[in-house]
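# Coordinate inspection notes
Residues per chain, in single letters:
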Amino acid sequence: MSEQLNEQELVKHIASETNADEQLIKLVLKHEAAFINDAKEDKNGEVEIDGDELVDYVLSRPDVKSNELVVESILDAEMDYLMDKGIAGYVD
């Protein structure tokens with residue numbers, strides 16, 4: 001990573017973009033990290049994440065009391081933040 005991720009700043013950014021509760025945001029991000037960490041690398045050492053599968057995974061966690069639209073908006077706001085910081089991007 002080119003820049004150290006400031007989790008508190010990230011959560012505040014997502015909250016301001018989505019009006020979601022900070023506890024829910026942290027929970028969604030925690031489950032997202034678990035999903036990504038369990039994903040398999042391809043032969044190039046890269047991990048491809050399907051957004052729909054990620055949302056379904058997060059919503060399947062028993063402690064997540066939310067809906068698809070809110071979870072998607074949290075993940076979209078996170079990706080916007082990470083792209084603005086130069087930490088992540090999309091692969092075509």
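To start, this report covers the structure provided alongside it. Model, not experiment: these values are computed from the prediction. Note that residues are indexed from 1 along each chain, following the sequence as it is written. Under the rules for a predicted model, residues below a pLDDT of 70 receive no local features and side-chain atom pairs below 80 are neither given nor counted, while totals for whole chains, interfaces and linings still include all residues. Based on all heavy atoms of the structure, the side-chain values leave hydrogens and waters out of the count.

### Quick look at the overall build of the protein
How we decide: Counting from the N terminus, the helices are the DSSP runs of H or I reaching at least four residues and the strands are the DSSP runs of E reaching at least two. We compute the radius of gyration over the C-alpha atoms and compare it with the globule rule, which gives 2.2 Å times the number of residues raised to the power 0.38. Burial classes: relative accessible area under 20% of the type maximum marks a residue as buried, over 50% as exposed, and values in between as partly exposed (1.4 Å probe, protein chains only).
When helices and strands are counted, the protein shows 4 helices and 0 strands. Going residue by residue from the N terminus, the α and β elements of the protein occur as α-α-α-α. On C-alpha atoms alone, the protein measures out to a radius of gyration of 13 Å, which is about the 12 Å that the 2.2 N^0.38 rule sets for 92 residues. Along the longest, intermediate and shortest principal axes, the C-alpha atoms of the protein span 40 × 30 × 20 Å. Burial analysis of the protein (92 residues in total) assigns 30% to the buried set.

### Concerning unusual backbone geometry
Non-glycine residue N19 carries a positive phi angle of around 60°. Overall, N19 belongs to the exposed group, its relative accessible area being 72%.

### Brief notes about the pattern of salt bridges
Worth spelling out the cut-off: Here a salt bridge means any side-chain nitrogen of Lys or Arg lying within 4 Å of a carboxyl oxygen belonging to Asp or Glu.
Within this structure, the stated rule accounts for 3 salt bridges. In this structure, the salt-bridge partner of E22 is K12, at a minimum N-O distance of 3.9 Å. Placement of E22 in helix 2 (residues 22-38) and of K12 in helix 1 (residues 7-18) is noted, with a sequence separation of 10 residues between them. Judged by relative accessible area, which is 33%, E22 ranks as partly exposed.

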